[in-house]
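Given next are the chains, with one letter for each unit.
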Amino acid sequence: MKRVIALVLALVLVFSLAACSAGTGSSSANGEKVIRIGVFEPASGDSGAGGKKETLGMQYANSQVPTVEIGGETYKVELVYADNGSDQAKAPAAAAELVGKNVAIVLGSYGSGVSIAASETFKNAGLAALGVTCTNPNVTAGNDHYFRICFLDPFQGTVLANFSMDKFGAKKAYCLGELGNEYDQGLIAFFKDAFEKAGGTVIADSFPTNNSDFSSYINKAKSEGCDVLFCPVSIAYATQIVSQAAKLEANFPIVGSDTLDDNMVLAAAKGTDIKLYVSTFYSEGGNADFDKNIKAYINENADAKTANGGNDTISAVTAMGYDAYFVALEAIKAAGSADPAAIKAALPSVVYKGVSGDIAFDEIGDAKRDTAFIKVANNETALWEFETQQTAAK
Amino acid sequence: MSNTKKRIDRGSLITLCIILLIFVVTVVLENTINANSLLFTVIRKGAVYSLVAVSMNLLNGFTGLFSLGQAGFMLLGAYTYAILTIPNSVRDTIYYLFQGSSFHFSLLDIFQGALGETFGLIVAVILACICAGIVAAFFAFLIGLPVLRLKSDYLAIATLGFAEILRAIFQWEKLGKVTNGANALRGYPTFSDFNIKNSSGMIVFRLSSFVPLLLAGICIAIIVLLINSSYGRAFKAIRDDEVAAEAMGINLAKHKQLSFCISSFFAGVGGALFAMFASTVQAKTFTSAMTYEILLIVVIGGIGSISGSCLASFLYIACSEWWLRFLDNTMYIGGTQVPLLRNGFRMVVFSVIIMIVVLFFRQGIMGSRELPDLFRRKRIKEGKSDE
Amino acid sequence: MEFLTSQILSGISLGGQYALIAIGYTMVYGILRLINFAHGDVFMVAGLLMVYMSTVMPIYVSIPLMIVLTVLLGFVIERAAYKPLRSAPRMSVMISAIGVSYLLQNLALYATGGQPKTYASIPWISNTIHIFGAPTRVVTVVTPILVIILVVLLTLLINHTKIGIAMRAVSKDFETSQLMGVKINSVISATFVIGTFLAAVGSLLYFTNYPTVVPMSGALPGLKAFVAAVFGGIGSIPGAVIGAFIIGICETLIKGTDFAVFSDAFTFALLIIILVVKPTGIFGEKTTDKV
């Protein structure tokens, strides 16, 4: 009988733990009114590096404006983090953790797959989610709670195809993406579409996850006489591709998407002859005040510097994270309440002028954006230089 | 022990009561406390993993075939389920890269049209789950033909290889019209669709955690019945000594194939449940790391114990997703920052715990005993003292 | 022509690097009948150690130190995770290996904070040279030569030294050799030391060619090397080396065709075919079941 009692007691304990954890998270701690914003970002896995830079933008924004006025009362804004591990199997649990901590709105994630996987959890909790740099059309399609402040893959793919044709007069492009990664494959499909429509030919290949040997692919691109290499891959792969292309003396330019806008990739291109172009949401120098202040913040704060990859080059995702935080604050102000449902209702009509440009939402929940910045890597200084602003229209 | 066949003994009765109690408590809690608590995520994922772990245990623990193909069969099940149940109306948005799906047939549409909203959903989901199992079992049959002749480690590595090949095929963009290539499948019925809603769409009664428990419970019950049948005894005989089993007239090839197919069938159903849990299906998720995770659950629970696998999967999921999460965040006790706590520490602690279990508690939680044995043992002792 | 030369060159160098890892698998399997799943991750840790050490000390200090630390890690893993399970069923040991692999990956994730790390460029072997007009790094040429030298040395060690004889005895019959006075534990430790030493050298060459280290870096080379070991006949060192070269070259060649998507799948398909047709691999010894 003892065993039965022990088991029953254990069960009771487990469930009471649950009840406790569900009960906490009230909106006032030691007399101070608190509103919580959920940061749903990867801190590990393939997209860990990117997720950290995006989070950094939000943290910086939070350090600048740590409070918000709701109905005449000042609320302290608290960021609550959950690591989705860049893994769709872990995303629902991470999302549930945020929901369990009674956040009012969710920001993120870097990477569309995890955003889609967590969408259902946010929907059931009646929360609005604001995607920062998840560019896959499926994130916002067919739902009324997911929004985003960035451009979409069809747009970005087209922009880069146009750019490759305009700038290099490219006729033949080699596309390389990770097998089974919806971000890479989506962009490649749109790039291919636009490039072929404009009269070019495309060879597309996929490499398996965790691959490190890219020399065969680069050799293939060389022997096929491709004019440009398009690789919208995550950061770890991008550094490999850039350094191996340099080793193999590839003479074609490499064109990448917003993920390649990262100082690790810059470091790989440093001292080589590789011409590296990326499309992105924000170009350093776009807003001098923001650049100066966030660099100071990164240099003062050791954790922030580690998260930024050890130097103070500003990634576009950081600027986007910064803007996303303020869009969320605008929505909270517009709602005039800390109630998630009211914030969700107020979000679609928010208009905000951010460092990365004007932000307003269309009826699907996507930001109305019609230009992307193209940056080129400087092989000597390892800094990005602004190249051009490109639109989708030809 | 002769009377165990005639009537259900006390141990089983108590076990049944506990399971029933858990079911009831889950339903009650879900409708009373915050329904978004992590507890329910743990229950749902735990239920799914229990089924998969038990199916793996059937193969590894009861038949002695060391297979590492579980993630591959889950992938087959998950995709089958999703492809069969995505409503036609959303197919074009989901397959946007491939200009729509080549399937224009959705079990959900058919049954909801014929049987009404609620009943149609139940029938469609159950049928799709069974199809998921059948597809997985069919592939297991094909794979088993050459592979099951191999011995322990070789079998493990060959099945692991098959799972990886399957994953590559499902990610191939040439098959995009069916599998959606690299893109996730979504929009199919998930656990939360089982919540009972009133006419205005408000949830009046939540069943989203009860349904996975029930579905996994039914499947596990079938496996338990199978293990206690003559087939189960044959499996155990093969595990204990192949040569002796063959000498006793057990057809080795037939029984191994049978065990492999049944295990894969339930792994396929588990995959379908996993799809319902995760609300998206993408081949990228079903890696060998997932198989290792399930294998660790089986080991922690005790190889050859069904109830051990179930207990272990709930504990494993709860630890990795919930109880240890605080380790990932910086914490302050009395104004000083606790050292070491930062992102990733949770997984380090977690893997250390696993190593400790593997090294020092080799039998796992239950060894090869079952839950009813725990309650029964005392009676056997009493019986002995009577003698 | 340049294309084919370049492909074959990178295939040979990749094969050589797989070979160095595969020897570790094959030796451990030969003696313990254990698939050491953690071997690939030890390889990754060696890479990370080099990344961290090369920032604080000169290359000629950090290379030997990295090799010593990696060997130490291999030794510690054997003592801590495999030795206590000597009498346990084989499956438990294999699971322990999976556990160690999991632990090393998570530790690496914790240490790097999820950021990919760039490998230090080692002078001379990172330089670019041209062979038949195809640009490549010096390491590509160095790898096969180094592999051959190391394998010859290893074969000499196994055939002509006392520890080598002990190793062969243990792999033939574990218990009998114990009865004959072979110190089992030191033989096993020696096996792990040699295996991890080769993995450390392999990581040096591998990451010079592919200079980004992430916690999952070891997984794929580890698996490929294991397939190579099985392909060549597990337990046989020349078999592992030849298997590794075949797999390395095939993989690179396939990546150059239209079936690049299936380059990994091909490796596994090859493995399954070999296992079904000739389960002992190309050079494996035939074993008979004892009742």
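Residues numbered from 1 in each chain as written. Chains lettered and ligands numbered in written order. Predicted model: local features only at pLDDT ≥ 70, side-chain atom pairs only at ≥ 80, totals over all residues.

Chemist: Whenever I open this one, the overall build of chain C confuses me. Can you help?
Modeler: Across its full length, chain C carries 11 helices and four strands. Taken against the 2.2 N^0.38 rule, which gives 19 Å for 291 residues, the C-alpha radius of gyration of chain C at 19 Å falls within 12% of a compact globule. The 291 residues of chain C split such that 58% are buried. A sequence separation of at least 24 residues applies to 77% of the contacts in chain C between residues at least 6 apart. (Helix = DSSP H or I, 4+ residues; strand = E, 2+ residues; numbered from the N terminus. Rg over C-alpha atoms; globule rule 2.2 N^0.38 Å. Buried ≥ 20, exposed ≤ 12 C-beta atoms within 10 Å, placed from the backbone. Contact = placed C-beta atoms within 7 Å.)

Chemist: I keep staring at the overall build of chain B and nothing clicks. Help me out?
Modeler: When you go through chain B residue by residue, the secondary structure sums to 16 helices and six strands. Here the C-alpha atoms of chain B give a radius of gyration of 22 Å, agreeing with the 21 Å that 2.2 N^0.38 yields for 387 residues. With the principal axes as the frame, chain B shows a C-alpha extent of 70 × 65 × 45 Å. Within chain B, buried positions represent 55% of all 387 residues.

Chemist: Can you help me understand the sheet that holds strand β8 (residues 172-178) of chain A in this one?
Modeler: As a general point, the strands of a sheet are linked pairwise by backbone hydrogen bonds and lie either parallel or antiparallel. Residues and elements named next belong to chain A. Reading across from one edge, β9-β8-β10-β11-β12-β15-β16 is the order of the seven strands in this open sheet, with mixed pairing throughout. Among the strands making up the open sheet, the edge pair consists of β9 (201-207) and β16 (384-391). Taking each pair of neighbouring strands and ignoring which way they run, the sheet shows an average axis angle of 25 degrees. When strand β11 (residues 254-256) meets strand β12 (residues 276-280), the two strands line up parallel, connected through three bridges. Across the sheet, glycine 256 pairs through a bridge with valine 278, a residue of β12. The strands touched by helix α6 (residues 182-197) are β8, β9 and β10 (228-230); relative to β8, the strand with the most contacts, the crossing angle is about 165 degrees. (Pairing = 2+ DSSP bridges. Axes fitted to C-alpha atoms, helices over the stretch in contact; angles between N-to-C directions.)

Chemist: Is there a simple way to think about the interface of chain C and chain A in this case?
Modeler: Listed per partner, the contact involves 29 residues of chain C and 33 residues of chain A. Only α1 (2-32), β3 (134-137), α9 (219-232), α10 (237-255) and α11 (263-277) of chain C provide two or more residues apiece to the side of chain C that touches chain A. Sorting elements by how many residues they give to the side of chain C that touches chain A places α1(C) first, with five residues. A breakdown of the residues in the side of chain C that touches chain A according to their chemical character gives 13 nonpolar, 13 polar and three charged. (Nonpolar A, V, L, I, M, F, W, Y, C, P; charged D, E, K, R; others polar.)

Chemist: How should the packing of helix α3 (residues 91-100) of chain A against helix α2 (residues 38-62) of chain B be read in this particular structure?
Modeler: The axes of two packed helices give the description: the angle between them and the distance between them. For the pair α3(A) and α2(B), interaxial distance at closest approach is 8 Å and the crossing angle is 160 degrees. Looking at the two axes, α3(A) sits roughly antiparallel to α2(B). Mapping the contact onto sequence places A:Pro92, A:Ala93, A:Ala96, A:Glu97 and A:Gly100 in α3(A) and B:Leu38, B:Thr41 and B:Lys45 in α2(B). (Parallel < 35°, antiparallel > 145°, perpendicular 65-115°, else oblique.)

Chemist: Mind showing me how you'd approach the environment of C:Lys183 here?
Modeler: Positionally, C:Lys183 belongs in the loop between α7 (174-179) and α8 (184-209). Residues C:Lys183 and C:Ile77 lie 106 residues apart in sequence; the distance between their C-alpha atoms is 19 Å.

Chemist: Looking at this structure, I do not really get the pairing of strand β4 (residues 73-83) of chain A. What am I missing?
Modeler: The side chains of a regular strand alternate between the sheet's two faces. Residue and element names in this part refer to chain A. Bridge count between strand β2 (residues 32-41) and β4: eight bridges; the pairing is parallel. Bridge assignment links phenylalanine 40 to a residue of β4, and that residue is alanine 82. Bridging between strand β3 (residues 67-70) and β4 involves four bridges; their strand directions are antiparallel. Bridge assignment links valine 68 to a residue of β4, and that residue is tyrosine 75. In this structure, the hairpin formed by β3 and β4 is closed by a connection of two residues, where glycine 71 is found at a positive phi of approximately 55 degrees.

Chemist: Mind showing me how you'd approach the interface of chain B and chain A here?
Modeler: Contacts between chain B and chain A engage 41 residues on the former and 37 residues on the latter. Within the residue set of the side of chain B that touches chain A, elements represented by two or more residues are α1 (10-32), α2, α4 (88-94), α7 (152-171) and α16 (371-386) of chain B. Counted by class, the side of chain B that touches chain A contains 17 nonpolar, 17 polar and seven charged residues.

Chemist: When you look at the confidence of the model for chain B in this model, what are you seeing that I'm missing?
Modeler: Low pLDDT means the predicted atomic positions in that stretch should not be read closely. When the pLDDT values of chain B are averaged, the result is 86; 94% of them are 70 or greater. Predicted confidence is poor over residues 380-387 of chain B, with pLDDT under 50, and the contacts of this stretch with residues over four places away or in other chains come to zero contacts. (pLDDT = per-residue confidence, 0-100.)

Chemist: For this particular structure, what's the right way to read α11(C)?
Modeler: Note on helix geometry: an α-helix contains 3.6 residues per turn, so any two residues three or four positions apart are oriented the same way. The terminal C-alpha atoms of α11(C), which comprises 15 residues, lie 21 Å apart, in line with the 21 Å expected from a rise of 1.5 Å per residue. For α11(C), the full list of buried residues reads C:Ser263, C:Asp264, C:Ala265, C:Thr267, C:Phe268, C:Leu270, C:Leu271, C:Ile272, C:Ile274 and C:Leu275. Lining the buried residues of α11(C) we find α6 (117-147) and α7 of chain B together with α9 and α10 of chain C. (Expected span 1.5 Å × (residues − 1).)

Chemist: Please clarify how the packing of α1(C) against α8(C) should be interpreted in this entry.
Modeler: All names here are of chain C. Close contact between α1 and α8 brings their axes to 9 Å; oriented N to C, the two are set at 165 degrees. Taken together, the axis directions place α1 and α8 in an arrangement best described as roughly antiparallel. Handedness of the α1/α8 crossing: left-handed. A class-by-class count of the residues in the contact of α1 with α8 yields 15 nonpolar, eight polar and no charged. (Left-handed = near helix turned anticlockwise from the far one by under 90°.)

Chemist: Got a minute to help me understand the confidence of the model for chain C in this structure?
Modeler: On average, residues of chain C carry a pLDDT of 87, and 97% of them reach 70 or more. Predicted complex, confidence summary: ipTM 0.85, pTM 0.88.

Chemist: It is not clear to me how α6(A) should be interpreted in this structure. Could you clarify?
Modeler: Residue and element names in this part refer to chain A. End to end, α6 covers 22 Å across 16 residues, agreeing with the expected 22 Å (1.5 Å per residue, within 8%). Buried residues dominate α6, accounting for 13 of its 16 residues. Two residues or fewer after α6 comes glycine 199, characterised by a positive phi angle close to 100 degrees.

Chemist: Would you explain unusual backbone geometry in this entry?
Modeler: With glycine set apart, most residues show a phi of negative sign, and most peptide bonds adopt trans. Residues and elements named next belong to chain A. Note that the residue after glycine 108, namely serine 109, is joined by a cis bond; omega there is 10 degrees. Locating serine 109 in the fold gives a position in the loop between β5 (105-107) and α4 (112-124). Even without being glycine, serine 86 reaches a positive phi, approximately 55 degrees. Its place among the elements puts serine 86 in the loop between β4 and α3. Of the residues examined, serine 86 has 26 C-beta atoms within 10 Å and is grouped as buried. A positive phi angle is found at glutamate 249, which is not glycine, with a value near 55 degrees. Counting through the fold element by element, glutamate 249 comes out in the loop between α8 (235-247) and β11. Residue classification places glutamate 249 among the partly exposed residues on the basis of 16 C-beta atoms within 10 Å.

Chemist: Looking at this structure, how should I read the environment of C:Val151?
Modeler: All names here are of chain C. Secondary-structure assignment places valine 151 in helix α5 (residues 138-160). The partly exposed category is assigned to valine 151, around which 18 C-beta atoms lie within 10 Å. The spatial distance from the C-alpha of valine 151 to the C-alpha of leucine 198 is 9.9 Å, given a sequence separation of 47 residues. With residues near it in sequence (within four places) discarded, valine 151 still touches Ile237 and Val241.

Chemist: Got a minute to help me understand the pairing of β12(A) in this structure?
Modeler: All names here are of chain A. Counting buried positions along β12 yields five of five residues, so the element is predominantly enclosed. Residues Leu276, Val278 and Thr280 line one face of β12 and the alternating positions Tyr277 and Ser279 line the opposite face, and both faces are buried. In terms of handedness, the path from β11 via helix α9 (residues 263-269) over to β12 forms a crossover that is right-handed. With four bridges joining them, β12 and strand β15 (residues 371-377) adopt antiparallel strand pairing. Across the sheet, residue tyrosine 277 finds its bridge partner in β15, namely valine 376. (Right-handed = clockwise from strand over helix to strand, strands pointing away.)

Chemist: What exactly am I supposed to notice about the environment of C:Ile273 here?
Modeler: All names here are of chain C. Looking at where isoleucine 273 falls in the secondary structure, it is placed in helix α11. Since 12 C-beta atoms lie within 10 Å of it, isoleucine 273 is described here as exposed. Between the C-alpha atom of isoleucine 273 and that of phenylalanine 231, which follows or precedes it by 42 residues, the distance is 9.7 Å.

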